[in-house]
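Each chain is listed here by its residues.
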Amino acid sequence: MAASKTRTSSFSRNLSSVSSPQTPPGVKCGPNGTFFVSSGIPDLDKILGGGFPLGSLVMVMEDAEAPHHMLLLRNFMSQGLVHNQPLLYASASKDPRGFLGTLPGPSSTKDDKSRNHDVSEQEKGLRIAWQYKKYFSDNQQIDGSRDGKQEFCNDFDLRKPLERHFFSGQRVDCVSIKESSNLNALHNRFSSFLAQFPRNEGSISCAGRIAIQSLCSPQCEFSNKDWDMLSFIRFLKSMLRSANAVAVITFPPSLLSSSFCKRWQHMSDILLSVRAIPDEDKELGQLLTGYQDMVGFLNVHKVSRINTQVPVILEATTFSIKLHRRRFLVLECLNQAPIDGSSGSSYGTSASCSGSSKTSAIDF
Amino acid sequence: MDQRSSNLLEEAIGLDNHHRHQAEDAAAAAEWPLSLKVVLIEDSVETSGSFVLHHLIKRALSPQSSNVIIFLAFSQPFSHYDRLLRKLGCNLAAQRDSGRFFFFDMLQLQSPGRNEGKTSDGGFCELYRRIQKTIASLPEKYKKQVTVMIDDVSLMEVAAFGSSQHVLDFLRYCHTLTSEFGCSFVALNHEDIYSSMESPTFLLELEYLADVLIKAEPLATGLAADVHGQLTVLNRGICNPTGSFVSKIRNFHFRVKENTVDYFYPGSRT
């Protein structure tokens, strides 16, 4: 972006961010001359320091046995549609358009901020929280630099389908990657999609979103051509760098050989992984508070480093995915349950924590 | 103290010896200690080693040295490096205009392996010729002080559709440049890609070529806010007073900041 400005001092960043606050709805300025779009999950935006930066490639490593990556993908797609951002969705299913019917809709503003992490809280408590609602939204306005009406990030109600009018327009493109035997067709499709969002000095007219579900799934004929897929991802990344768009790719790492899996991971700007939690893991249940509400874990392996060399070190890299009131997706840091007072048990539990292989993957 | 600790990396690579020349004339001071050498930087998904590359760019383009960089960018566009190096105090765009920084945007390079019939490696041959031409057209005072940098080698493999032989050939050709023109050669690669392979020929070949090997690894205890990882620097080409070559291993921690990187020995930070 700043490439053509030859002689500018190091103060130019502030200048440009001041002079170009006219971002379209759903896009906000970030540090280092980046622009963010929302992931569709408010907590994930917060974790990543604002959202997904435009021009980045987000990869989600799937749990082979559970569809948790779909939660992230759906919210990401819904958020884009709500902001009227063009969307390109590719999956290995026969009818990818059918997937749009399963997208969650934004919750009505009445429920919106009443979200309270404690389910058992009484109605009264909720009402108090409501009275502070305006202050909450004020705060968001400051860091979100959004234009009064449309929020940067909506809360999506997983039980409410997205209204049809959001995706009936022509701005949604669906591709089945099952049909194409090689990636050349996809290549062209993606480059023509991304050509809509050229990046030019400062101003952003529109941001695009690409969602690819299970790129290396065995249904695709090219799934055994490792190098083809890699060079496709490389191509996609290089296109993204010069476009105002974000791509999310989910893939099952177990289907790739470990060295290729590493290559894929190196390609990503933001790397996440999801994992389901076993149904009745008593040991884990004792260890973590709110275990019954959890549906899985989210790991953040890599946070984008566009235009900077400083790595982002998060306080925690493992988060629990919870469904709040079975409607809203919430990410929380893991909280270790207080150990009950019975003598000697504290040592016992901590020993079992470090001893079991299952929990050792989780950092607190 | 701070000044010295920030130079642990330079010390380990052998970049710090310019103070020896301070008393001598400017030409000697400008001599690039890395010339004729191959530097290989290895990193992993958890810890990026690109900051070492950035440091070397900054160092090579600093006003004291008269180095020219030919940069083959496979992973990031120019704007990324420009913004980043500006924070480090080096204006890449200006250096590019003044002919000291040659940026080859290789993001879109696709070797013709895509059309199966051809086996020739047109993409890299072409690239090599471009590099050669660039060096040949340099003014005489710069000719002996060229650094070729690659970010990163694993993406070259992808561009070549996995024929690492082509990449190796290219790298060997580049290596000959070091003897022909007195260039230095810096490459970044990701080590963990090869760690699961039984015989990582490609990585071993690269490491064999390298005179200086820099490994960026995460701390065994996980990432922390004040220690971002550890660097292991293996410097093979140190000439000791008796005239024989010895290799030297240095190990220290680092913390990356926007405008500098702190290097320190383990435990020397409270």
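To be clear, the structure that these remarks concern was listed above.
Residues numbered from 1 in each chain as written. Chains lettered and ligands numbered in written order. Predicted model: local features only at pLDDT ≥ 70, side-chain atom pairs only at ≥ 80, totals over all residues. Heavy atoms only, no water.

Student: Explain the overall build of chain A here, please?
Tutor: For chain A, the helix and strand inventory stands at 13 helices and 14 strands. A total of 364 residues make up chain A; the buried ones form 54% of that total. For chain A, long-range pairs separated by at least 24 residues make up 76% of all intrachain contacts whose partners lie at least 6 apart in sequence. By element, 51% of the accessible surface of chain A is carried by carbon and sulfur atoms, the whole surface being about 16,700 Å². (Helix = DSSP H or I, 4+ residues; strand = E, 2+ residues; numbered from the N terminus. Buried < 20%, exposed > 50% of the residue type's maximum accessible area, 1.4 Å probe, protein only. Contact = heavy atoms within 4.5 Å. Areas by Shrake-Rupley, 256 points an atom, 1.4 Å probe, with all protein chains shown as cover.)

Student: Just checking my understanding: could you explain the packing of helix H9 (residues 226-241) of chain A against helix H10 (residues 258-267) of chain A for this structure?
Tutor: Each pair of packed helices can be summarised by the angle the axes make with each other and by the distance between the axes. Residue and element names in this part refer to chain A. Across the interface, H9 lies against H10 with an axial gap of 10 Å and an inter-helix angle of 5°. Our classification of the angle between H9 and H10 gives roughly parallel. Where H9 abuts H10, its residues Asp226, Trp227, Met229, Leu230, Ile233, Arg234 and Lys237 lie against Phe260, Arg263, Trp264, His266 and Met267. By residue class, the composition of the contact of H9 with H10 is seven nonpolar, one polar and four charged. (Axes fitted to C-alpha atoms, helices over the stretch in contact; angles between N-to-C directions. Parallel < 35°, antiparallel > 145°, perpendicular 65-115°, else oblique. Nonpolar A, V, L, I, M, F, W, Y, C, P; charged D, E, K, R; others polar.)

Student: Please clarify how the sheet that holds strand S2 (residues 35-37) of chain A should be interpreted in this entry.
Tutor: Hydrogen bonds along the backbone pair up the strands of a sheet, which may run parallel or antiparallel. Spatial strand order, S1-S2-S3 (chain A): three strands in an open sheet with antiparallel pairing. Among the strands making up the open sheet, the edge pair consists of strand S1 (27-29) and strand S3 (52-53) of chain A. (Pairing = 2+ DSSP bridges.)

Student: Would you mind showing me how to read empty space enclosed by the protein here?
Tutor: The method is simple in principle: a probe with the dimensions of a water molecule rolls over the atoms, and the space it marks as empty is what remains. Overall, the coordinates contain seven cavities of 30 Å³ or more when judged by the stated rule. Here the largest cavity defines a volume of roughly 470 Å³. Looking at the lining of the largest cavity, the elements with two or more residues in it are H9 and H10 of chain A together with helix H5 (50-60), helix H6 (78-87), helix H10 (153-159) and strand S5 (184-190) of chain B. (1 Å grid on protein atoms, 1.4 Å probe; cavity = no way out; pocket = protein on both sides within 12 Å on 5 of 7 lines; lining within 4 Å. Points joined across faces, edges and corners; volume = space filled by probe spheres on them.)

Student: Please explain the pattern of salt bridges as it appears in this structure.
Tutor: Any two side chains of opposite charge can pair, given that their charged atoms come close. Summed over all chains, the structure comprises 14 salt bridges over all chains. Between Asp173(A) and Arg189(A) there is a salt bridge, with the nearest N and O atoms lying 2.9 Å from each other. Taken together, the residues Asp173(A) in strand S8 (residues 172-176) and Arg189(A) in helix H8 (residues 184-194) connect sequence positions 16 residues apart. Lys143(B) is the partner of Glu140(B) in a salt bridge, and the nearest nitrogen-oxygen pair spans 3.9 Å. Of this pair, Glu140(B) and Lys143(B) both sit in helix H9 (residues 140-143), separated by three residues, roughly a single helical turn. (Salt bridge = Lys/Arg side-chain N within 4 Å of Asp/Glu carboxyl O.)

Student: Just to check I follow, could you spell out the sheet that holds strand S10 (residues 245-251) of chain A for this structure?
Tutor: Residue and element names in this part refer to chain A. Strand order in this open sheet of nine strands is S8-S5-S9-S10-S4-S11-S12-S13-S14, and the pairing throughout is mixed. In this open sheet, the two strands that pair with only one neighbour each are S8 and strand S14 (328-333). When strand polarity is set aside, the average angle formed by the axes of neighbouring strands in this sheet is 20°. Here strand S9 (residues 208-212) runs beside S10; their pairing, made up of five bridges, is parallel. The residue of S10 that forms the bridge with Arg209 is Val246. In this fold helix H3 (residues 68-82) packs onto strand S4 (57-61), strand S5 (87-91), S8, S9, S10, strand S11 (270-276), strand S12 (294-302), strand S13 (318-324) and S14, with an angle of close to 160° to the strand it touches most, S9.

Student: Looking at this model, I keep getting lost on the nonpolar core. Mind explaining?
Tutor: Burial of nonpolar side chains together is a common tendency in soluble globular proteins. Ranked by internal contacts, the top residues of the largest apolar core, which has 84 residues, are Leu236(A), Ile131(B) and Phe170(B). Per-element tally for this core: the top contributor is H9(A), with eight residues. Setting aside anything within four residues of it in sequence, one finds Ile131(B) in contact with Ile70(B), Leu72(B), Phe104(B), Val148(B), Phe170(B), Cys174(B) and Leu177(B). Counting 46 residues, the second-largest nonpolar core is a separate cluster that includes Phe35(A), Phe52(A), Val60(A) and Val300(A). (Core = buried A, V, L, I, M, F, W, Y, C linked by side-chain atoms within 4.5 Å.)

Student: What should I look at first to understand the packing of aromatic side chains in this one?
Tutor: Scanning the entire structure with this criterion turns up 19 aromatic pairs over all chains. Aromatic pair Phe190(A) and Phe232(A): ring centres 5.4 Å apart, planes at 80°, arrangement edge-to-face. One end of the pair, Phe190(A), is in helix H8; the other, Phe232(A), is in helix H9, with 42 residues separating them in the sequence. An identical accessibility class is assigned to Phe190(A) and Phe232(A); each is buried. Between Phe71(B) and Phe101(B), the ring centres sit 5.9 Å apart and the planes meet at 35°, which makes this aromatic pair tilted. (Phe/Tyr/Trp six-rings, centres within 6.5 Å; stacked < 30°, edge-to-face > 60°.)

Everything listed is a geometric property; what it means functionally is a separate question.
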